[in-house]
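# Report on the structure
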Amino acid sequence: MDLGIAGRRAAVGAASTGLGYGAAEALVAEGVRVAICSRDEARIREAAERLGNGVVPIVADLSNTDGATGFVRDAERALGGVDILVANAGGPPPGSVDSTDLDAYRAALELSMLSTVALCRQAVPAMRERGWGRVVAITSSGVRQPIRFLAGSSAARAAVTSYLKILATEAAPDGVTVNSVQPGLHATDRIRALGNLEQAARSVPAGFVGDAGDFGKVVAFLCSEPARFITGTGVLVDGGACVGLL
Ligand code: NAD
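One structure accompanies this document, and this report is about it. (Residues numbered from 1 in each chain as written. Predicted model: local features only at pLDDT ≥ 70, side-chain atom pairs only at ≥ 80, totals over all residues. Heavy atoms only, no water.)

This paragraph deals with the overall build of the protein. If you tally the helices and strands in the protein, you get eight helices and seven strands. The C-alpha atoms of the protein give 17 Å as radius of gyration, which agrees with the globular expectation for 246 residues (18 Å, within 12%). Out of the 246 residues in the protein, the part that is buried amounts to 50%. Within the protein, counting contacts between residues at least 6 apart in sequence, those at least 24 apart form 72% of the total. On the protein, roughly 11500 Å² of surface is accessible, and the fraction owed to carbon and sulfur atoms is 53%. Of the side-chain charges in the protein, 23 are positive and 25 negative, and the distance between the mean point of each set is 3 Å. (Helix = DSSP H or I, 4+ residues; strand = E, 2+ residues; numbered from the N terminus. Rg over C-alpha atoms; globule rule 2.2 N^0.38 Å. Buried < 20%, exposed > 50% of the residue type's maximum accessible area, 1.4 Å probe, protein only. Contact = heavy atoms within 4.5 Å. Areas by Shrake-Rupley, 256 points an atom, 1.4 Å probe, with all protein chains shown as cover. Lys, Arg positive; Asp, Glu negative; His and termini not counted. Charge placed at Lys NZ, Arg CZ, Asp CG, Glu CD.)

Shown next, in the form of structure tokens:
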């Protein structure tokens, strides 16, 4: 299927590895011109070299809103504009309600909610002016089914999902779609750090954990031309792990 986005320009956050890298890879394969960021210069350069096709490496820390705004500005400068924004950042550390203090909630909101707001505030007005744009935020299956050992993350993801829904409604008349993709367990550095992958796979009805490359293709589809009527929604990619109906 031709996704119809060759030549479009994308900024993909937190993409030296993991789900962000998977999204960047899938967009590059569609002929999209891509800028990626992470905090470490050597790692983001290495990722851009692996992706090839003129991918632009940018050093930015998305745990603060200045870093998020600066990333989109730098991407706009390097690419001449941004038509596609993949709002992604690292995830907050684990913690139950009992072990998560107020500062940890503040940090989680900054990383997983306000950074997305800042990315969108910088990128979306120009998309709306041009009459075409795609925003895809990488959130978590915790939006559907809060994860007890990720209290800060689950709360922040719910907040950002509400923001994205309102933005989708406001931007829809201008040809800009706004969606999220909600990962369940995927084999990335984050999940390896949180626990044992083989053991984790046993909790997934599909019997295996997800692959960042497959996940990236779902993101790319939401950025596509044929997806123009999909907005304000969240796509769960979790091998059947969430059992709720909504
Ligand atoms: P990861 O830790 O494997 O990779 C994260 C990437 O983000 C790396 O490139 C890292 O360098 C970069 N990064 C981290 N903090 C950053 C910051 N402050 N500023 C800029 N770059 C930063 O993570 P992942 O598994 O790819 O997850 C991506 C997102 O999806 C996270 O928000 C995570 O919580 C969420 N998520 C992942 C899974 C999963 O199974 N992998 C499940 C649910 C939710």
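Our focus in this paragraph is the site of the ligand. Looking at the ligand, there are 28 residues lining it, with Ser16, Leu19, Arg157, His186 and Thr188 nearest. In this structure, an oxygen atom belonging to the ligand sits 2.7 Å away from a side-chain N or O atom of Ser16. Within the backbone of His186, a nitrogen or oxygen atom sits 2.7 Å from an oxygen atom of the ligand. Its free accessible area being 820 Å², the ligand has 92% of it covered by the protein chains. At the level of elements, helix 1 (18-29) and helix 6 (189-194) are the ones that each hand at least two residues to the shell around the ligand. The leading source of residues in the shell around the ligand is helix 6, at three residues. Residue composition of the shell around the ligand, by class: ten nonpolar, 13 polar and five charged. (Near = heavy atom within 4 Å. Polar contact = N/O pair within 3.5 Å; in protein donor to acceptor, adjacent residues only side chain to side chain. Nonpolar A, V, L, I, M, F, W, Y, C, P; charged D, E, K, R; others polar.)

For strand 6 (residues 176-183), the tally of buried residues reaches eight of eight residues, placing the bulk of the element in the interior. Here strand 6 shows two buried faces, one formed by Val176, Val178, Ser180 and Gln182 and the other by Thr177, Asn179, Val181 and Pro183. In this sheet, strand 6 lies alongside strand 5 (residues 133-138) in parallel orientation, the contact comprising six bridges. Residue Val136 lies in a different strand from strand 6, and its bridge partner there is Asn179. Here strand 6 pairs with strand 7 (residues 234-237) via four bridges, running parallel. Its bridge partner lying in strand 7, Gln182 is registered against Leu236. (Pairing = 2+ DSSP bridges.)

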